[in-house]
Amino acid sequence: MTVLENENHEPSTVSVIGLGQLGTRLAQAFLGAGHVTTVWNRSAAKADALVAQGAVRADTVEAALAASPLVVVCLPDYATVEDLLGPVADGLRGRVLVNLTSGTPQDAAAMADRAAAHGAGYLDGAAMSGTRLVGRPEALFVFSGSRDAFGTQQEVLASLGNAVYLGTSPTLAPVYDTALFGLVWGALAGFYHSVALVGAADVDPTAFAAVAQGHMPFVTSLMVEHARQIEDGGFPDDDGTVEVHRAAMEHLVHTSRAQGIGTDVPDLFQSLLKRAVAGGHGQSGIASVAATIAKGEQNV
Ligand SMILES: NC(=O)c1ccc[n+]([C@@H]2O[C@H](COP(=O)([O-])OP(=O)(O)OC[C@H]3O[C@@H](n4cnc5c(N)ncnc54)[C@H](OP(=O)(O)O)[C@@H]3O)[C@@H](O)[C@H]2O)c1
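Calculation notes
- Residues numbered from 1 in each chain as written.
- Predicted model: local features only at pLDDT ≥ 70, side-chain atom pairs only at ≥ 80, totals over all residues.
- Heavy atoms only, no water.
- Pairing = 2+ DSSP bridges.
- Helix = DSSP H or I, 4+ residues; strand = E, 2+ residues; numbered from the N terminus.
- Contact = heavy atoms within 4.5 Å.
- Axes fitted to C-alpha atoms, helices over the stretch in contact; angles between N-to-C directions.
- Near = heavy atom within 4 Å.
- Polar contact = N/O pair within 3.5 Å; in protein donor to acceptor, adjacent residues only side chain to side chain.
- Areas by Shrake-Rupley, 256 points an atom, 1.4 Å probe, with all protein chains shown as cover.
- Nonpolar A, V, L, I, M, F, W, Y, C, P; charged D, E, K, R; others polar.
- Buried < 20%, exposed > 50% of the residue type's maximum accessible area, 1.4 Å probe, protein only.

(A) Spatial organisation of the sheet that holds strand S3 (residues 56–57). Overall, mixed pairing links the 8 strands, which are arranged S3-S2-S1-S4-S5-S6-S7-S8 in an open sheet. Pairing within the sheet leaves two strands with one partner each, and these edge strands are S3 and strand S8 (162–165). Here strand S4 (residues 70–73) runs beside strand S5 (residues 96–99); their pairing, made up of 4 bridges, is parallel. When the bridges of S5 are listed, Leu-70 appears paired with Val-96. In the packing of helix H4 (residues 78–85) onto the sheet, contacts are made with strand S1 (14–17), strand S2 (37–40), S4, S5 and strand S6 (121–127), and the angle to S5 comes to roughly 150°.

What follows is the structure in structure tokens.
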């Protein structure tokens, strides 16, 4: 196997396999941080722009594995990762394999086992901030799996953004991935509804967004306080009872209907609050909705 190095004859630090939308940004971030970066993609032409920026091209997957102690893979799904790396998995021995492909906790556990069987340190990971922020400190990346692997490669992985290590179970990264995805969608769904509501009163989305953005620290402060309440299992009503919020939500539903906009989002909130009331939490604080959700649909 030919040893790959850049034009200054420096050995490669990291190999990126899969240069789609995300993989390309990952490779750019490693290059931007000054790491010698090897790249491989099924359609070789997608590596051209990166090579022009200083990346080293690997002609085969095997060459990409051999090139660097850290191998980052970013493909559509785990089956593709397995199909691609399975036949050359001996080349993973002594490497740290970081998998930024989206998947399930079961996928991650199975991949960690296969990596361990081939003598590789394994980190499952998830890119939480889309592609545009990759390489900036505010881009969140979560990782879980081998603590040693994270310790060894933390500095390189920090080139991607805010690299957060969650713990030794490889399943934690996909669990956080889906949980944070749901959190962002919950926040955005609320935002999209509110933009439609104020839009019906001729308010520009950007004017509303400026006020909404200033309100967000209050929301995040509630998350911190309510997390504590959920842990304690006690729900003081300082932020209003479930019953009070249910009545207020009725106003949001009615106002939305009167303005001629959809009520999908407040209907969802209303159904959660009604379920909490039915579960005996009418006089509890609103964080008790978390306890209602945790019980599942059938058990209220
Ligand atoms: N894009 C995002 O904003 C984002 C954010 C977070 C997480 N993710 C996750 O990151 C992963 C990649 O997403 P992406 O948006 O970068 O995807 P993408 O732009 O569609 O790129 C897919 C990549 O996979 C390669 N590929 C597909 N099938 C292959 C096969 N059979 N053998 C070898 N290579 C194959 C493609 O190669 P070719 O160029 O040859 O087709 C391409 O490099 C997904 O799991 C996604 O959920 C993406």
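(B) Structural detail: the site of the ligand. The immediate surroundings of the ligand are formed by 19 residues, with Gln-21, Asn-41, Ser-43, Lys-46 and Ser-102 found nearest. In this structure, Leu-22 approaches the ligand through a main-chain N or O atom, which is 2.9 Å from an oxygen atom. Side-chain polar atom of Asn-41 to an oxygen atom of the ligand: 2.6 Å apart, as the coordinates give it. In isolation the ligand offers 890 Å² of accessible surface; the protein chains occlude 72% of this area. Partitioned by chemical class, the residues of the shell around the ligand number 7 nonpolar, 10 polar and 2 charged.

(C) Summary view of helix H10 (residues 264–281). Looking only at H10, the buried set comprises Val-265, Pro-266, Gln-270, Leu-273, Arg-275, Ala-276 and His-281. Elements that come into contact with the buried residues of H10 comprise helix H7 (172–199), helix H9 (242–258) and helix H11 (288–295).

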